[in-house]
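# Examining the three-dimensional arrangement
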Amino acid sequence: MALPRLNPVIKALEEGKHALSLFSSCDVESALALQNSDYDSVVFEGEHNGWDIRGLRDSLQYLLNRGQIAKSNSIVPKIAPMARIPANGVEKNQFLAKQALDVGCYGIMWPHISTVEEAYNAVSACRYPRLKNKPLYEPAGIRGDGPTQAVRYWGVTQQEYYEVADVWPLAPKGEIFVILQIEDQAGVKNLRDMLKNVPGIGAIVIGEGDLSQELGYPRQYEHKVVLESMAEIVAICKECNVVVGHPHVEQNNAERIIKEGYRFLMCSAPRSFATLAKTKQLVGR
């Protein structure tokens with residue numbers, strides 16, 4: 001029997017909907033607070049909060065709710081856990097993605113991707129190797145084989161895991177969602193080449209904090225120059241038919257962001273859930 005679509009983010013995007021997510025600290029209390037929410041995913045923060053693979057593993061476990069699983073009669077998670085790794089694209093620390101995927105994450109966010117080479121490495125790190133004469137060879141996989149914990153967490157057999165542990169949308173049945181963050185002008189300049197030459201990118205999320213810093217208007221997210229640069233990224237993503245995401249959706253900017261074409265929406269203020277409620281209303285979910 002074929003597996004159902006396991007990744008709620010991919011399911012929402014395939015259905016033409018917006019995917020709802022957020023950043024969260026990597027700890028048990030945050031996971032418990034989120035387990036009954038209506039987010040499609042949570043991105044556990046490992047870039048600025050420090051990399052804690054055991055904390056990430058524990059957070060994944062506390063995100064689960066046995067009652068939800070029993071009532072749904074399905075192994076599809078209510079909220080797909082993902083992780084933002086600490087390494088910038090140029091650092092190419094593939095082992096961080098490997099560790100996060102091996103404990104059961106359904107996606108990886110890569111900060112500071114600025115070149116085609118860095119984008120290629122990011123996608124490659126989330127794929128298992130295969131022979132060159134096999135379909136969908138590129139980007140060539142480099143992920144090491146050790147998914148025992150992920151198999152248990154996903155609730156599938158090891159062979160079933162191998163069948164779907166690939167990057168979407170390159171692999172139609174893939175359940176791994178690769179997010180690249182564009183956070184500087186070099187990334188903006190090279191973005192079109194990345195999207196045209198590196199298949200398997202699930203979404204581009206703009207790192208508006210670092211982008212605004214480089215442009216000379218740090219944290220001034222509504223400044224004309226910052227918005228123009230972000231609009232250029234959105235336009236390139238639309239041209240290349242790749243989902244674009246916004247990292248700081250708030251009640252006062254949600255309507256504008258949705259109108260501009262962002263589809264991977266990361267809500268602020270996770271504990272109040274007010275932004276989530278308004279965003280859901282705006283996108284009809």
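Details of the structure are given in the entry above.
Residues numbered from 1 in each chain as written. Predicted model: local features only at pLDDT ≥ 70, side-chain atom pairs only at ≥ 80, totals over all residues. Heavy atoms only, no water.

## Considering helix α9 (residues 185–197)
Quick reminder of the rule: Numbered from the N terminus, helices here are DSSP runs of H or I no shorter than four residues, and strands are runs of E no shorter than two. Under the convention used throughout, the expected extent of a helix is 1.5 Å for every residue step, that is, one less than its residue count. Note on bend: the value at a residue is the angle between axes fitted to the seven residues ending there and to the seven starting there. For the exposure calls, accessible area comes from a 1.4 Å probe over protein chains only, and a residue counts as buried if that area is under 20% of its type's maximum, exposed if over 50%, partly exposed in between. Note on definitions: a residue-residue contact is assigned when non-hydrogen atoms from the two residues lie within 4.5 Å.
Given a rise of 1.5 Å per residue, 13 residues ought to cover 18 Å, and the 19 Å separating the end C-alpha atoms of α9 matches this to within 8%. Maximal helix bending in α9 amounts to about 50°, located at Leu 191. Burial in α9 covers these residues: Gly 187, Val 188, Leu 191, Met 194 and Leu 195. On its buried face, α9 sits against α6 (116–124), β7 (176–182), β8 (203–206) and α11 (224–239).

## Quick look at the environment of Gly 209
Position of Gly 209 among the secondary structure elements: in helix α10 (residues 208–215). For Gly 209, a relative accessible area of 18% gives the class buried. Through-space distance from the C-alpha of Gly 209 to that of Arg 219 is 5.5 Å; in sequence the pair is ten residues apart.

## Side note on helix α5 (residues 94–102)
Residues of α5 that are buried include every one of Leu 96, Ala 97, Ala 100, Leu 101 and Asp 102, and no others. Where α5 is buried, its residues contact α3 (53–63), β4 (80–84), β5 (107–110), α7 (148–154), α8 (158–164) and β7.

## What about the pattern of salt bridges?
Between side chains of opposite charge, pairing is possible as soon as their charged atoms come close. So the rule is basically this: Between Lys or Arg on one side and Asp or Glu on the other, a salt bridge is scored when a side-chain nitrogen of the former is within 4 Å of a carboxyl oxygen of the latter.
Counting across every chain of the model gives 20 salt bridges. With a closest N to O distance of 2.8 Å, Asp 166 and Arg 127 form a salt bridge. Separated by 39 residues along the polypeptide, Asp 166 in the loop between α8 and β6 (167–168) and Arg 127 in the loop between α6 and α7 bring together distant segments of the chain. Each member of the pair, Asp 166 as well as Arg 127, carries the same accessibility label: buried. When salt bridges that share partners are traced, they join Arg 5, Glu 14 and Glu 175 into one network.

## Things to note about the pairing of β8
The condition that has to hold: One requirement defines pairing of two strands: DSSP has to find at least two bridges between them. Here is how to tell: hold the view so the strands point away, follow the path from the first strand over the helix to the second, and if it runs clockwise the crossover is right-handed.
Side chains of β8 alternate between two faces, with Ala 203 and Val 205 and Ile 204 and Ile 206 buried alike. Of the strand pairs in this sheet, β7 and β8 are connected by four bridges, and their pairing is parallel. Along β8, the bridge assignment pairs Ile 179 with Ala 203. In terms of handedness, the path from β7 via α9 over to β8 forms a crossover that is right-handed.

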